[in-house]
There are 2 protein chains.
Amino acid sequence: MGIFTESEEKSNEKIKKRGCRVCVAGGGTIGLPVATLISNAGFQTVIFDTNKRRVESINKAQVVFEYSNLLPKLIKTKKLRATLDFKKAMMGSDILVVCVPTQITKEKEVDLSKLMELVNLLESGMEEGLLISIESTVPIGTCKKIGLSIEKKSGFRLGRDFGISHVPERYNPVLPREKQVRVGFEEKTGNRFTLHKIPRVVGASDKKSLALTVKFYSSFIKAKIVPVSSLEIAEAVKITENIFRDVNIALVNELSKIYSSLGLDTFEIINGASSKPFAFLPHFPSLGVGGECIPVVPWFLIRQAEKIGLEPKLLKIAREINDSMPSYVADLLEKALKANGREIAGSNIVVLGLAYKANSSDVRLSPSLSLIEIIKKMGGKVRICDPLVEKVNPSFGLTSLEKAFQEADAVIMAVDHEVFRKKINLKKIKPQLRTPVIIDCKNFFRKEEAELLGFTYKGVGKPD
Amino acid sequence: MGIFTESEEKSNEKIKKRGCRVCVAGGGTIGLPVATLISNAGFQTVIFDTNKRRVESINKAQVVFEYSNLLPKLIKTKKLRATLDFKKAMMGSDILVVCVPTQITKEKEVDLSKLMELVNLLESGMEEGLLISIESTVPIGTCKKIGLSIEKKSGFRLGRDFGISHVPERYNPVLPREKQVRVGFEEKTGNRFTLHKIPRVVGASDKKSLALTVKFYSSFIKAKIVPVSSLEIAEAVKITENIFRDVNIALVNELSKIYSSLGLDTFEIINGASSKPFAFLPHFPSLGVGGECIPVVPWFLIRQAEKIGLEPKLLKIAREINDSMPSYVADLLEKALKANGREIAGSNIVVLGLAYKANSSDVRLSPSLSLIEIIKKMGGKVRICDPLVEKVNPSFGLTSLEKAFQEADAVIMAVDHEVFRKKINLKKIKPQLRTPVIIDCKNFFRKEEAELLGFTYKGVGKPD
């Protein structure tokens, strides 16, 4: 009998004494740090993942992530392990934490296939008393649907025999800036918002699930756990957070195109506006947005709205603007090369940064990938440099910083990793280049300095 | 010889010793508090305004605003006075602070006529050495154009004989909540951001203007004065701040329509999302935006972008969404009345709140005005209640709260003034109504309570 069907007293005791077992489905960007925190708090924890290499490297404690330093001990003491076998992972589990990715197809249709595969597995052999905490971001109504589907297939009743809660992941996916691997559990780096310090929202199928989930998360998250009135509200909270980002980044991207045409520097404008102590939050223009949240989650709501006959114009325009940035940057590249008597076809183009975000090694839906595709289609020869991606995934075949600039015709600063600040010097790379062109998507170089050195400098958010 | 053409030492001394005279053009929402602060800091100050009634009431110290309490002494000691005569106002002035309104026409074209009238007056008799500080929000390039126009007409040279700076107004136009009139100069109310505590951005035509303006503003603004590199950057900063508001309010308004259709409460969702400690800033859905900034200033940039062949889609959609909210609310009203066997035509509709913002008496471009127009066009009989507007402008012919609800068919909560919280009680108004319909644009009433009392309750951002 799992925790959900035990008496309140007994289930509270089980959490307090770390007597319940936890299965975390998905050992990726979210699942692994969550599982690490849970097992580090004292719970016997098993990670279920379908990726063999991932499972092996977790079990060897060989993954680089925010809480890497905690992993060896947890693996060694068998507090935490990973497996490909769902049945084994679930054996004796009181709580299932779902951290599988939810995606969109190329046609921007919602793709919950990975989540549904998991639900299928679950339905075929779920035991009574399970508390299911879904962290994956999902369209509104999904958690309830999952509950009803399990009800149907398993014969258990939602809210009586098992419970569902939605605790949407909130994560600031940045590797520590100072050292690439976090050295200690508490404040050793500049990241104020590591996973265990970010407040969480919880919605649930019933009061008992809500109370249990709040207690459980409070045992490993050192921040406020905020209950909301339903699964759907929790789903909408996460979607709203991602849409807020997408729209505000789209806004500065749109503004930056106008300001550049008017000869103004958007970065200086945003910094000026940031001195307003209320009703403003700075966002900066860039190559666009990436990762598995911002370019994906808005589509969950867009498709849902369209189905009920609403036209979410603002959300769609925001998506369009952010998705258009790589092509805008390719235009800047074309103009800058033209000014030097070249075109993209046949030119050697260096792209600095493949990850979707500074100081991250995550390349999923990175706008750099779109930019590279565009340049290649136009006949450009692309060399990609990203020391962080290379470190985590050497198989990418990236070019090293040492070799990248030889005979290059343009350098595109796409992602401003800390490591680039230390290693890239305009004066030093200048003699290596064939054509002195800089395209700066991150306000990384100083325009005046670059131009003084003889570069043709163009940048997102910089005067045209 | 005015302050601008004096030696650095002498001009600094003049500011320090309050030896310079200041003219403030425009004695309205911005100009009057600015002039009050300047003269309260010790400068001899004259307000120039073309509105006779305004000039008279300032000179009688009979205006209700944030710093009302400072006015009587300043008027009595003749530190501050208002006049209709521009020449007299400017006589011996070292600094001109421009606070005249800038607007748009009904066709959403930029209308700077009031500013240009002032520039015309200025050109005909400006003396050497004037420092002109423009606080009015203007399209990018306007301040420079004004400078060049003055150069041409007056023969003075910009940057040599006179200076121009742009210090875009930043104002949180809320009357103190506890008492409608501020009782003291320092923290006596809940408003953390009274005018003298809001940081300011300064751009200027030249270094001297910049330095002088920073010194001058530092003498009466008790917050950071932030210099930026040009007049144009300062213009863009203010425009960006207003656009940020417009777009973010439009975003929640768009979201609220979807969430209402999905049966969810947008206010609960935004409150949940607000627990995210980074990358989120809460905005709430409403009847739309009003005042002379948010619905106006985005058009300055939209028109400018269009002129150079750019299509600012996001900015235009945001304007469209916010402008559409009154008609969305009229739809809610229609549905709620229909559920009670009535239609808008022939019904008595009570609109609570005419100001564009809570605890303000400012009705300029208030979305309530649009809503009232729509209801009237549909044949509804409108009664408007706004104790704050009535206090400041009794000639509006508003209905008192005591009489409003008699035989009414619907109550629309448009603006959530503090005073409404104290005086409106659903139980008490219910028996007065003919039809129990509540349309809530501000999450003011509790839906459950209203429905329990027998009301048909519909609201912006509330479950449909």
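Residues numbered from 1 in each chain as written. Chains lettered and ligands numbered in written order. Predicted model: local features only at pLDDT ≥ 70, side-chain atom pairs only at ≥ 80, totals over all residues. Heavy atoms only, no water.

Colleague: Help me understand the overall build of chain A, please; the structure alone is not making it clear to me.
Modeller: The helix and strand inventory of chain A stands at 18 helices and 15 strands. Computed over its C-alpha atoms, the radius of gyration of chain A comes to 24 Å, within 12% of the 23 Å expected for a compact globule of 464 residues. In terms of overall dimensions, chain A has a C-alpha envelope of 75 × 55 × 45 Å along the principal axes. When the 464 residues of chain A are sorted by exposure, 61% land in the buried category. In chain A, 74% of the contacts between residues at least 6 apart in sequence involve partners at least 24 apart. Surface exposure of chain A reaches about 18,500 Å², of which carbon and sulfur atoms provide 51%. If you average the places of the 71 positive and of the 53 negative side-chain charges in chain A, the two averages end up 4 Å apart. (Helix = DSSP H or I, 4+ residues; strand = E, 2+ residues; numbered from the N terminus. Rg over C-alpha atoms; globule rule 2.2 N^0.38 Å. Buried < 20%, exposed > 50% of the residue type's maximum accessible area, 1.4 Å probe, protein only. Contact = heavy atoms within 4.5 Å. Areas by Shrake-Rupley, 256 points an atom, 1.4 Å probe, with all protein chains shown as cover. Lys, Arg positive; Asp, Glu negative; His and termini not counted. Charge placed at Lys NZ, Arg CZ, Asp CG, Glu CD.)

Colleague: Sorry if this is basic, but what is going on with the packing of aromatic side chains here?
Modeller: The description of two aromatic rings rests on the distance between their centres and on the angle between their planes. Evaluated as defined, the whole model comprises 18 aromatic pairs over all chains. Each ring, one from B:Phe48 and one from B:Phe86, has its centre 5.0 Å from the other, and the planes form 65 degrees; the classification is edge-to-face. Taken as a pair, B:Phe48 in strand S2 (residues 44-48) and B:Phe86 in helix H5 (residues 86-90) lie far apart in primary sequence, 38 residues in all. Aromatic pair B:Phe444 and B:Phe445: ring centres 4.9 Å apart, planes at 80 degrees, arrangement edge-to-face. Take B:Phe444 and B:Phe445: they sit in the same class, and that class is buried. The rings of A:Phe43, A:Phe216, A:Tyr217 and A:Phe220 are connected pair by pair, giving a single aromatic cluster. Here the guanidinium or amino end of A:Lys430 rests over the ring plane of A:Phe455, the centre of that ring lying 6.0 Å away. (Phe/Tyr/Trp six-rings, centres within 6.5 Å; stacked < 30°, edge-to-face > 60°. Lys NZ or Arg CZ within 6 Å of the ring centre and 35° of its normal.)

Colleague: I keep staring at the environment of B:Gly27 and nothing clicks. Help me out?
Modeller: Residue and element names in this part refer to chain B. Here Gly-27 is to be found in the loop between strand S1 (21-25) and helix H2 (31-40). Along the backbone, Gly-27 and Ile-104 are 77 residues apart, and their C-alpha atoms lie at a distance of 20 Å. Leave out the neighbours within four places in its chain, and Gly-27 touches Leu-32, Ile-47, Phe-48, Asp-49, Arg-54 and Ile-58.

Colleague: What exactly am I supposed to notice about the side chain of A:Glu232 here?
Modeller: Checked against the element boundaries, A:Glu232 lands in helix H9 (residues 231-261). Residues contacting A:Glu232, with those up to four places away along its chain left out, are A:Ile140, A:Gly141, A:Lys144 and B:Leu264.

Colleague: Please explain the pairing of strand S4 (residues 95-98) of chain A as it appears in this structure.
Modeller: Residue and element names in this part refer to chain A. Residues Ile-95 and Val-97 point to one face of S4 and Leu-96 and Val-98 to the other, with burial holding for every one of them. Bridge count for strand S1 (residues 21-25) against S4 is four bridges, and the pairing is parallel. Bridging from a neighbouring strand, Val-22 pairs with Ile-95 of S4. With four bridges joining them, S4 and strand S7 (residues 131-134) adopt parallel strand pairing. Bridged to Val-98 within S7 is Ile-134. (Pairing = 2+ DSSP bridges.)

Colleague: Sorry, what's going on with the interface of chain A and chain B here?
Modeller: Interfaces are frequently sized by the accessible area removed from exposure as the parts join. Each side of the interface is counted separately: chain A has 59 residues, and chain B has 60 residues. A combined buried area of about 5,200 Å² lies between chain A and chain B, and 77% of that area is made up of carbon and sulfur atoms. Where chain A touches chain B, the interface holds two salt bridges. One salt bridge connects B:Lys313 with A:Glu320, and the closest N-O pair in it is separated by 2.6 Å. Inspection of the chain A/chain B interface yields 19 residue pairs in polar contact (both at pLDDT 80 or more). Counting residues per element, the ones that place at least two in the side of chain A that touches chain B are H9, helix H10 (266-273), helix H11 (297-307) and helix H12 (313-338) of chain A. With 20 residues, H9(A) is the single largest residue contributor to the side of chain A that touches chain B. Tallied by class, residues from the side of chain A that touches chain B come to 39 nonpolar, eight polar and 12 charged. (Buried area = accessible area lost by both parts, 1.4 Å probe. Salt bridge = Lys/Arg side-chain N within 4 Å of Asp/Glu carboxyl O. Polar contact = N/O pair within 3.5 Å; in protein donor to acceptor, adjacent residues only side chain to side chain. Nonpolar A, V, L, I, M, F, W, Y, C, P; charged D, E, K, R; others polar.)

Colleague: Got a minute to help me understand helix H1 (residues 8-16) of chain B in this structure?
Modeller: A turn of α-helix holds 3.6 residues, and therefore any two residues three or four places apart point the same way. All names here are of chain B. Where H1 is concerned, the buried positions are Ser-11, Lys-14 and Ile-15. One side of H1 carries all its buried residues, which in axial view fall inside an arc of 95 degrees. Looking at H1, the residues exposed on the side facing more than 90 degrees away from the buried face are Glu-9, Lys-10 and Lys-16. One or two positions beyond H1, positive phi appears at Arg-18, with a value near 60 degrees. (Arc of directions from axis to C-beta.)

Colleague: Can you help me understand the relation of the copies chain A and chain B in this one?
Modeller: In this structure, two copies of a chain are linked by a rotation about an axis accompanied by a shift along it. Screw-axis analysis of chain A against chain B gives a translation of 0.0 Å along the axis, an RMSD of 0.0 Å, and a rotation angle of 180 degrees. Look at the turn and shift together and you get a two-fold axis relating the two. A shared binding surface is used by both copies, with 100% of the interface residues of chain A retained as interface residues in chain B. (Least-squares fit on C-alpha atoms with pLDDT ≥ 70 in both.)

Colleague: Would you explain the nonpolar core in this entry?
Modeller: Nonpolar side chains in soluble globular proteins generally cluster together in the buried interior. Counting 72 residues, the largest nonpolar core has A:Tyr259, A:Leu301, A:Leu315, B:Tyr259, B:Leu301 and B:Leu315 as its most contacted members. Secondary-structure elements contributing two or more residues to this core are H9, H10, H11 and H12 of chain A together with helix H9 (231-261), helix H10 (266-273), helix H11 (297-307) and helix H12 (313-338) of chain B. Once you skip the residues sitting within four places of it in the chain, A:Leu301 turns out to touch A:Ile140, A:Ile239, A:Ile243, A:Leu315, B:Leu255, B:Ile258, B:Tyr259 and B:Leu262. (Core = buried A, V, L, I, M, F, W, Y, C linked by side-chain atoms within 4.5 Å.)

Colleague: How do you make sense of the pattern of salt bridges when you look at a structure like this?
Modeller: A side chain with one charge may pair with a side chain of the opposite charge, provided their charged atoms come close. Residue and element names in this part refer to chain A. Across all of its chains, the model carries 53 salt bridges over all chains by this definition. A salt bridge links Arg-200 to Glu-135, with the shortest nitrogen-to-oxygen separation between them at 3.3 Å. Here the residue Arg-200 occupies a position in strand S9 (residues 200-204), and Glu-135 occupies one in the loop between S7 and helix H7 (142-154), the gap between them amounting to 65 residues. In this structure, Arg-200 and Glu-135 share a single accessibility class: buried. A salt bridge links Asp-323 to Arg-319; its shortest N-O distance comes to 3.0 Å. Linking Asp-323 with Arg-319, this pair stays in helix H12, spanning four residues, or about one helical turn. Judged by its relative accessible area of 37%, Asp-323 falls in the partly exposed class. Classification of Arg-319 as buried rests on a relative accessible area of 1%. Within the structure, one salt-bridge network assembled from shared partners comprises Glu-109, Arg-303, Glu-306, Glu-311 and Lys-316.

Colleague: Could you clarify how one ought to interpret the sheet that holds strand S13 (residues 410-413) of chain B in this entry?
Modeller: Strand pairs in the sheet, formed through backbone hydrogen bonds, run parallel or antiparallel to each other. Residues and elements named next belong to chain B. Strand order across the open sheet formed by five strands is S12-S11-S13-S14-S15, with parallel pairing between neighbours. With one partner strand each, in any of the chains shown, strand S12 (381-385) and strand S15 (456-459) form the two edges of the open sheet. Strand-to-strand twist of the sheet, defined as the mean angle between neighbouring strand axes without regard to direction, takes the value 20 degrees. Across four bridges, strand S14 (residues 437-440) lies against S15 in parallel orientation. Counted as the bridge partner of Asp-440 is Gly-459 from S15. Each of strand S11 (348-352), S12 and S13 touches helix H13 (residues 367-377); the most contacted strand, S12, lies at about 155 degrees to it. (Axes fitted to C-alpha atoms, helices over the stretch in contact; angles between N-to-C directions.)

Colleague: Honestly, the confidence of the model for chain A in this entry has me stumped. Any pointers?
Modeller: Residues shown with low pLDDT carry predicted positions that ought not to be read at fine detail. Looking at chain A as a whole, the pLDDT averages 94, with 96% of positions reaching at least 70. Scored below 50 in pLDDT, residues 176-189 of chain A shows 30 contacts in the model against residues more than four places distant or in partner chains. (pLDDT = per-residue confidence, 0-100.)

Colleague: Explanation requested: the packing of helix H7 (residues 142-154) of chain B against H9(B) in the structure shown.
Modeller: For any two helices packed against each other, one specifies the crossing angle of their axes together with the interaxial distance. Residues and elements named next belong to chain B. At a closest axis distance of 8 Å, the pairing of H7 and H9 adopts a crossing angle of 140 degrees. Judged by the inter-axis angle, H7 sits oblique to H9. Residue-level inspection shows Thr-142, Cys-143 and Lys-144 of H7 in contact with H9, the latter providing Leu-231, Glu-232 and Glu-235. Residues belonging to the contact of H7 with H9 are distributed by class as follows: two nonpolar, one polar and three charged. (Parallel < 35°, antiparallel > 145°, perpendicular 65-115°, else oblique.)

Colleague: Looking at this structure, how should I read the environment of B:Gly92?
Modeller: Relative to the helices and strands, B:Gly92 resides in the loop between H5 and strand S4 (95-98). Separated by 15 residues in the primary sequence, B:Gly92 and B:Thr77 place their C-alpha atoms 19 Å from one another.

Colleague: Which parts of the structure should I look at to understand the domain arrangement of chain A?
Modeller: The domain architecture assigned to chain A consists of domain 1 (3-229) and domain 2 (322-459). If you average the C-alpha positions of domain 1 of chain A and of domain 2 of chain A, the two centres end up 38 Å apart. (Domains from an automatic or database assignment.)

Colleague: Looking at this structure, I do not really get the side chain of B:Glu241. What am I missing?
Modeller: Residue position: B:Glu241 is located in helix H9. According to the relative accessible area criterion, B:Glu241 is buried, its value standing at 1%. If we skip the residues at most four places from it in the chain, B:Glu241 touches A:Ala273, A:Lys276, A:Phe280 and B:Arg170.

Colleague: Looking at this model, I keep getting lost on the environment of A:Lys307. Mind explaining?
Modeller: Within the secondary structure, A:Lys307 sits in helix H11. For A:Lys307, a relative accessible area of 77% puts it in the exposed group.

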